[in-house]
Amino acid sequence: MTPATDAAAASFAALTHKLDYLDEADIRRVRDAYRFADEAHLGQFRASGEPYITHPIAVAGLCADMKLDAQAIMAALMHDAMEDCGVTKIELIERFGAPTAEIVDGLTKLDKLHFSTKEDSQAESFRKMLLAMARDVRVILIKLADRLHNMRTMDAMAAHKRARIARETLDIYVPIAHRLGLNQTYRELQELSFQYINPWRHAVLSKAVKRTRGNRRNLVDRIQSEVQEAFREAGMHIEVYGREKTIFSIYNKMIEKGLSFAQVSDIFGFRIVTHELLDCYKALGVLHQLYKPLPGRFKDYIAIPKPNGYQSLHTTLVNPVGTAVEFQIRSQMMHDVAEKGIAAHWMYKEQAEAGDASPQQAAVWLQSLIDIQQETRDSAEFLEHLKIDLFPESVYVLTPKSRIVALPKGATPVDFAYAIHSGVGDKCASAKVNGEPVALRTELRSGDVVEIITAAGARPNPGWLTFVRTGRARSKIRAYLKNMEAEESLALGTKLLTQALRAEGLKLPPGDETSEGATGALWQELIRLGGNRSRDELLIDIGLGRKVASMAAKRLAHLMAESGQRPDALTLTLGRYADDAPTYSSVVIDGSEGATVRLSPCCCPVPGDRIKGYLGRGEGLVVHTQTCAVGRRLFERDGERWIEVNWSDEPTRMFETVLKVLVANGKGVLAQVAAAISHAETDITHIEMGNERLGETAELKLTLEVRDTDHLAEVIRSLKRCPVVLNAERLSA
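Residues numbered from 1 in each chain as written. Predicted model: local features only at pLDDT ≥ 70, side-chain atom pairs only at ≥ 80, totals over all residues. Heavy atoms only, no water.

Draft legend 1. Here's a closer look at the overall build of the protein chain. Looking only at helices and strands, the protein chain features 28 helices and 20 strands. Looking at the protein chain as a whole, 48% of its 733 residues are labelled buried. Look at the contacts in the protein chain between residues 6 or more apart in sequence, and 67% of them connect residues 24 or more apart. When the accessible area of the protein chain is evaluated, it comes to approximately 36,100 Å², of which 50% is carbon and sulfur surface. (Helix = DSSP H or I, 4+ residues; strand = E, 2+ residues; numbered from the N terminus. Buried < 20%, exposed > 50% of the residue type's maximum accessible area, 1.4 Å probe, protein only. Contact = heavy atoms within 4.5 Å. Areas by Shrake-Rupley, 256 points an atom, 1.4 Å probe, with all protein chains shown as cover.)

Draft legend 2. Quick look at a nonpolar patch on the surface. Together, Leu670, Ile684, Ile687 and Met689 give the surface a local cluster of nonpolar side chains, amounting to about 310 Å² of exposed area. In this structure, Ile687 sits in strand 18 (residues 683–688). Taking relative accessible area as the criterion, Ile687 reaches 39% and is therefore assigned partly exposed. (Patch = residues over 30% accessible without salt bridge, like charges linked within 9 Å, V, L, I, M, F, W, Y side chains within 5 Å. Salt bridge = Lys/Arg side-chain N within 4 Å of Asp/Glu carboxyl O.)

Draft legend 3. Here's a closer look at helix 26 (residues 629–637). Listed in full, the buried residues belonging to helix 26 are Ala629, Gly631 and Leu634. Against the buried residues of helix 26 lie strand 13 (611–616), strand 14 (620–625) and strand 15 (642–644).

Draft legend 4. Quick look at the packing of helix 21 (residues 471–502) against helix 24 (residues 549–562). At a closest axis distance of 8 Å, the pairing of helix 21 and helix 24 adopts a crossing angle of 55 degrees. Here helix 21 is positioned oblique relative to helix 24, judged by the angle of their axes. As for the relative orientation of helix 21 and helix 24, their crossing is right-handed in sense. Together, Leu496, Leu497, Ala500 and Leu501 of helix 21 and Ala549, Ser550, Ala552, Ala553, Leu556, Ala557 and Met560 of helix 24 make up the contact between the two elements. Residue classes in the contact of helix 21 with helix 24 are distributed as 10 nonpolar, one polar and no charged. (Axes fitted to C-alpha atoms, helices over the stretch in contact; angles between N-to-C directions. Parallel < 35°, antiparallel > 145°, perpendicular 65-115°, else oblique. Left-handed = near helix turned anticlockwise from the far one by under 90°. Nonpolar A, V, L, I, M, F, W, Y, C, P; charged D, E, K, R; others polar.)

Draft legend 5. The arrangement of the sheet that holds strand 5 (residues 324–331) in detail. One open sheet accounts for five strands, arranged 1-2-5-4-3; its pairing is mixed. Both outer strands of the open sheet, strand 1 (239–244) and strand 3 (299–300), are each paired with one neighbouring strand and no more. Sheet topology places strand 1 next to strand 2 (residues 268–274); six bridges connect them, and they run antiparallel. Considered in strand 2, the bridge of Tyr241 is made with Arg271. Contacting strand 2, strand 3, strand 4 (313–318) and strand 5, helix 14 (residues 277–290) crosses the sheet at an angle of about 155 degrees to strand 5. (Pairing = 2+ DSSP bridges.)

Draft legend 6. A look at the pairing of strand 19 (residues 697–706). Judged from the 10 bridges that link them, strand 17 (residues 655–664) and strand 19 form a sheet pairing that is antiparallel. From the neighbouring strand, Leu662 faces strand 19, where its bridge partner is Glu699. The pairing of strand 18 with strand 19 spans five bridges and is classified as antiparallel. Opposite Glu688, over in strand 19, you have Lys701 as the bridge partner.

Draft legend 7. Representation of the pattern of salt bridges in the model. Throughout the structure, instances matching the rule amount to 15 salt bridges. Across the pair Asp105 and Lys89 runs a salt bridge, and its minimum N-O distance is 3.6 Å. In this pair, Asp105 is assigned in helix 7 (residues 98–107) and Lys89 in helix 6 (residues 89–96), connecting sequence segments 16 residues apart. On the basis of relative accessible area, Lys89 is assigned to the partly exposed category, the value being 25%. Taking the shortest distance from any N to any O, the salt bridge between Glu525 and Arg528 comes out at 2.5 Å.

Draft legend 8. Molecular detail of helix 11 (residues 183–197). Helix length check: helix 11, at 15 residues, gives a terminal C-alpha distance of 21 Å against a target of 21 Å (1.5 Å per residue), a fit within 8%. By the burial criterion, the buried members of helix 11 are Asn183, Thr185, Tyr186, Leu189, Gln190, Glu191, Leu192, Ser193, Phe194 and Tyr196. (Expected span 1.5 Å × (residues − 1).)

Draft legend 9. Highlighting the packing of helix 9 (residues 138–152) against helix 10 (residues 159–179). Helix 10 packs onto helix 9 with a crossing angle of 145 degrees between their chain directions and a minimal axis gap of 11 Å. Our pair here, helix 9 against helix 10, has a crossing hand that is left-handed. Facing Ile140, Lys143, Leu144, Arg147 and Met151 of helix 9, the residues of helix 10 in contact are Ile165, Ala166, Glu168, Thr169, Tyr173, Ile176 and Ala177. Per-class residue counts for the contact of helix 9 with helix 10 are eight nonpolar, one polar and three charged.

Draft legend 10. A look at the confidence of the model for the protein chain. Mean pLDDT over the protein chain stands at 79; residues scoring 70 or higher make up 82%. A low-confidence stretch, residues 1–10 stays under pLDDT 50, and its non-local contacts, those more than four residues away or across chains, total eight contacts. Note on residues 110–118: pLDDT under 50 across the span, and 10 contacts to partners over four residues away in sequence or across chains. (pLDDT = per-residue confidence, 0-100.)

Draft legend 11. Structural context of the packing of aromatic side chains. According to the stated counting rule, one finds seven aromatic pairs in the structure shown. Aromatic side chains Phe36 and Phe96 sit 5.4 Å apart centroid to centroid with 80 degrees between the ring planes, which places their arrangement in the edge-to-face category. Separated by 60 residues along the polypeptide, Phe36 in helix 2 (residues 24–40) and Phe96 in helix 6 bring together distant segments of the chain. The class for Phe36 is buried, based on a relative accessible area of 6%. Seen in terms of ring centroids, Tyr614 and Trp642 are 5.2 Å apart; in terms of plane orientation they differ by 45 degrees. Their pairing is tilted. Here Tyr614, found in strand 13, pairs with Trp642, found in strand 15; they are 28 residues apart in sequence, far enough to count as distant. Take Trp642: its relative accessible area is 10%, and that puts it in the buried class. Three or more aromatic residues joined by ring pairs make a cluster, and in this case those are Phe194, Phe248 and Tyr251. Over the ring of Trp523 we find Arg535; its NZ or CZ atom is 5.3 Å from the centre of that ring. (Phe/Tyr/Trp six-rings, centres within 6.5 Å; stacked < 30°, edge-to-face > 60°. Lys NZ or Arg CZ within 6 Å of the ring centre and 35° of its normal.)

Draft legend 12. Layout of the sheet that holds strand 13. Pairing within the open sheet is mixed, and its four strands lie in the order 12-14-13-15. The open sheet has two edge strands, strand 12 (597–599) and strand 15, and neither has a second partner. Taking the axes of each pair of neighbouring strands and ignoring which way they run, one obtains an average angle of 35 degrees across the sheet. Across three bridges, the pairing between strand 13 and strand 15 is antiparallel.

Draft legend 13. Broad picture of the environment of Pro99. Note that Pro99 resides in helix 7. Distance from Pro99 to Asp136, taken between C-alpha atoms, is 9.5 Å for residues 37 residues apart in sequence.

Draft legend 14. Highlighting the environment of Trp647. Residue position: Trp647 is located in strand 16 (residues 646–647). Expressed as a C-alpha distance, the spacing of Trp647 and Val588, which sit 59 residues apart in the sequence, is 5.6 Å. When residues no more than four places from it in sequence are discounted, the contact partners of Trp647 are Val588, Ile589, Leu599, Pro605, Val606, Pro607, Gly608, Asp609, Ile611 and Phe655. In terms of polar contacts, Trp647 uses its side chain to reach the backbone carbonyl oxygen of Val606, at 3.5 Å. At a separation of 2.8 Å, a polar atom in the side chain of Trp647 contacts the main-chain carbonyl oxygen of Asp609. (Polar contact = N/O pair within 3.5 Å; in protein donor to acceptor, adjacent residues only side chain to side chain.)

Draft legend 15. Representation of the nonpolar core within the structure. Membership of the largest hydrophobic core comes to 72 residues, with the highest contact counts inside it found for Val30, Met78, Leu92 and Ile142. In terms of nonpolar packing, the next biggest core, distinct from the first, is built from 52 residues, Leu539, Leu659, Val669 and Val725 among them. (Core = buried A, V, L, I, M, F, W, Y, C linked by side-chain atoms within 4.5 Å.)

Draft legend 16. Local environment of the environment of His79. Among the structural elements, His79 can be located in the loop between helix 4 (70–77) and helix 5 (81–85). Take His79: its relative accessible area is 3%, and that puts it in the buried class. A distance of 3.3 Å separates the side chain of His79 from the side chain of His55, its partner in a polar contact. Of note is the side chain of His79, whose polar atom sits 3.1 Å from the side chain of Asp80.

In structure tokens form, the structure reads like this:
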């Protein structure tokens, strides 16, 4: 045997004793996977100079510590085989079965695909890994073990690589470990990341903690002995552990609260582990009789667990020397779940099957990743939603029927609505909190009772994206808006191409690229020339202004001519020359348009204004007044993108416009202006007063809602009759 083989064999021998919970058949399968991985990685070495196989063996050992099954241990041994050694998924399926191959595939990065940037590649890798994780949680458990061993053995790497990997770990893997309740892994990854990102600060704080540990040893021993004595007298069998804050959490507290190290008082605390759940509450009574509790510092995470399944009682007591010390009280099973999180599922399968779901609570979040992915195909956007959802703090609110819903800190009624059901979120019109109407952007607090009022005509508002906090809400809103935009763009694109083709004396061919015969071939060729994948995609591009309808119509007319179709004289006359049927006269604005058709904010057109439409690239149809200076500049630069639009005879809503009002300063000016506007039966939606110092006069910019130009003229007349108003006019671009 070569020294490298000796090292690998010795490492596997060290792994074997950790597999005593598996049966003989499973251990044989694991050994086969080891031999396969050893052959695949033969001749490869880590940066430290060790044979590469030592890394998969170490990762498998960490998975064995979590008591994962044989398939997971096998996948851990082969987790780099596809990525680094050219092993195919088919080969793994044939040799080790589909479940093991699926886990390995979920762990494999997408190095073979080409992305525009490294960030795209990284985002896609995370997306693939996290979706595989949602389907099989063993994927992320192995991935976290892989990252933990890599972080433990990074000393041989260059400093800039260590810092980059540590930052990625802190941003992505640490929050995932926390979200899944893997506290041991979470704390160690956090500590190692901090050590590599800020080595000097970590070293200084480590020395300070060691000094403090020595200074406080007597106090810690005294508290521990007094607590043990109190429980002996109460006849309770418990275990008491002293625990110390990590260097990273001490540093964070110093930064957040602006404290020096000497001012951080709760560097150490204690954990009480009991046998049964009810013993936790008895233990709380014993502790409160021994030391005085601090008011407002008690939290019951047993009755209301954290979203990652964590359960404990937290209480802060005044110790013998007068400083605060925190105690955590939990049962043995809660302790295992708190340390191992979702990995405790394998340790407590019997309880889980009997209905105790606490080790699997984090699986609810995993399932939500599938929902987000169904709405979000873009990898970077998926990663953005994920980061939003990896929240460390939660608020707990209630439905009117007293169901508890956990949401991130800062969540709003809209987040709550989407947490209940996407249908509730999409139809959310207003909300009540504790029986009182509130704005939809109101931040919720623990204990709030939230009621969502829905309406049949309600739909998601793009403005919601500025305040929602959950990835689920954000992805659902974006998906709805994209679908709505696509539907509207398709309808507008069809209308525009139909009208443009009428100008060529032709009618839009029925069907699409899947149709049989000449029609299908016609659409296929037009789609090919336009660089699109389908008829609908081409029409959506036309509706969004990415393609010009007249150009597409000319191409289509040429193709139709080649197939023997000739312009119809009547259609040509209607399309080009009829005074009552201008080229795009069917584009009518009534106020019900969505994201695809919008009124330009530079001139704020209202019914009665002469208007034209501009097909901006990717913006859809933007409506300007014919006197708008911005519109005129666009016309001079890009005339072919302008189309004729008309107002509907019966608009469906009020329209916003802006007035410039010059007033004489004095008491009650705003009240008089508001009264004049109210008298004209309209509302103010926004007031802007400018930043200049107040003098004898002031200029106000008022955004109002009016029905049409006649109504606007009435508002201006009403304002001019007001004694404090010196002048009022419409603001033009």
